[in-house]
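Residues per chain, in single letters:
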Amino acid sequence: HFQAAAMGAGAGVAAAFHAPLAGTIFVVEEAASYFSKRLFFHALLTCTCAVLVTIMLSHALGFQEVSMYNPATFCSFEVVWAPFVLLQAVQVGLVCGVLAAIFNRIIVKLNVARTLQQRRLGDGSKALLWRRLLEVVAISLVTTAFA
């Protein structure tokens, strides 16, 4: 049943953005607990059907198609590279790369700690469930504070 819920979440993402690959990647990366070729295929099929149904319903109900992929007439296609902008892009890339490396180290350490905690407390223990709930609440509060 978890796979069906994960595919439903992916279908929602795909339908919202008209992007079946985005929904599929969401399922594989975030919602599913493991990766398999069968899950990938089912997620891709589900997300594609969700996008097709959304498009058909939009046309049947007469909604205007609003898409970020439609070219606007006022856009300029000239590319002007200013050295200062390029320097800023390099700086942002370096800072984001360092932050991503730190984030990955933290995630690996947390996963190791969770695994050791699960072995020590047991799979179905109430203490483990409460600790996981508190971890989710703490992460939610931290991300809300910085949002």
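Cut-offs applied
Residues numbered from 1 in each chain as written. Predicted model: local features only at pLDDT ≥ 70, side-chain atom pairs only at ≥ 80, totals over all residues. Heavy atoms only, no water. Helix = DSSP H or I, 4+ residues; strand = E, 2+ residues; numbered from the N terminus. Buried < 20%, exposed > 50% of the residue type's maximum accessible area, 1.4 Å probe, protein only. Contact = heavy atoms within 4.5 Å. Areas by Shrake-Rupley, 256 points an atom, 1.4 Å probe, with all protein chains shown as cover. Core = buried A, V, L, I, M, F, W, Y, C linked by side-chain atoms within 4.5 Å. 1 Å grid on protein atoms, 1.4 Å probe; cavity = no way out; pocket = protein on both sides within 12 Å on 5 of 7 lines; lining within 4 Å. Points joined across faces, edges and corners; volume = space filled by probe spheres on them. Nonpolar A, V, L, I, M, F, W, Y, C, P; charged D, E, K, R; others polar. Expected span 1.5 Å × (residues − 1). Axes fitted to C-alpha atoms, helices over the stretch in contact; angles between N-to-C directions. Parallel < 35°, antiparallel > 145°, perpendicular 65-115°, else oblique. Left-handed = near helix turned anticlockwise from the far one by under 90°. Disulfide = S-S within 2.5 Å.

Right, let's talk about the overall build of the protein for a bit. Looking only at helices and strands, the protein has five helices and zero strands in total. Ordered by position from N to C terminus, the α and β elements of the protein give α-α-α-α-α. For the protein, with 147 residues in total, the buried portion stands at 14%. Partitioning the intrachain contacts of the protein with sequence separation of at least 6 by distance along the chain shows that 44% fall at a separation of at least 24. Counting only carbon and sulfur atoms, one obtains 72% of the accessible surface of the protein, whose full area is about 12100 Å².

A few words now on the nonpolar core. Ala6, Met7, Val27, Leu39 and Ala43 together form the largest nonpolar core, which totals five residues. Counting only elements with at least two residues in this core, the list comes to α1 (2–17) and α3 (37–61). When neighbours within four sequence positions are excluded, Met7 is seen to be in contact with Val27, His42, Ala43 and Thr46.

Each pocket or cavity is described by its volume, and for the largest pocket that value is around 270 Å³. Of all the secondary structure elements, the ones that give two or more residues to the lining of the largest pocket are α4 (83–121) and α5 (126–146). Among the elements that take part in the lining of the largest pocket, α5 stands out by supplying six residues, more than any other. Across the lining of the largest pocket, the residue classes tally to seven nonpolar, one polar and three charged.

With 25 residues, α3 should reach 36 Å at 1.5 Å per residue; the first-to-last C-alpha distance of 36 Å fits that figure. Among the residues of α3, Leu39, Ala43, Cys47, Ala50, Val51 and Ser58 are the ones counted as buried. Immediately downstream of α3, the backbone of Gly62 shows phi near 80 degrees, a positive value.

A few words on the side chain of Gln117. Among the secondary structure elements, Gln117 is positioned in helix α4. Relative accessible area serves as the criterion here: at 18%, Gln117 is assigned to the buried category. Residues within four places of Gln117 in sequence aside, it is in contact with Gly122, Leu128 and Arg131.

Before going further, it helps to examine the packing of α4 against α5. Interhelical geometry of α4 versus α5 gives an angle of 155 degrees and a closest axis separation of 9 Å. When the axes of α4 and α5 are compared, the pair comes out roughly antiparallel. Facing α4, whose interface residues are Arg114, Gln117, Gln118, Arg120 and Leu121, α5 presents Ala127, Leu128, Arg131, Arg132 and Glu135.

Following both chains from N to C, one finds α1 and α3 inclined at 40 degrees, their axes separated by 8 Å at the closest point. Taken together, α1 and α3 sit at an angle that is classed as oblique. Between α1 and α3 the crossing geometry is right-handed. In contact with Gln3, Met7, Gly10, Ala11, Ala14 and Ala15 of α1, α3 contributes Leu39, His42, Ala43, Thr46, Cys47, Ala50, Val51 and Thr54.

On to the state of the cysteines. All chains considered together, the criterion is met by zero disulfides. The thiol sulfur of Cys47 is not disulfide-bonded, and the nearest other cysteine sulfur, from Cys49, lies at 9.4 Å. Note on Cys47: relative accessible area 0%, which makes it buried. With a relative accessible area of 40%, Cys49 lands in the partly exposed category.

So far we have only geometry, and geometry alone does not tell us how the molecule works.
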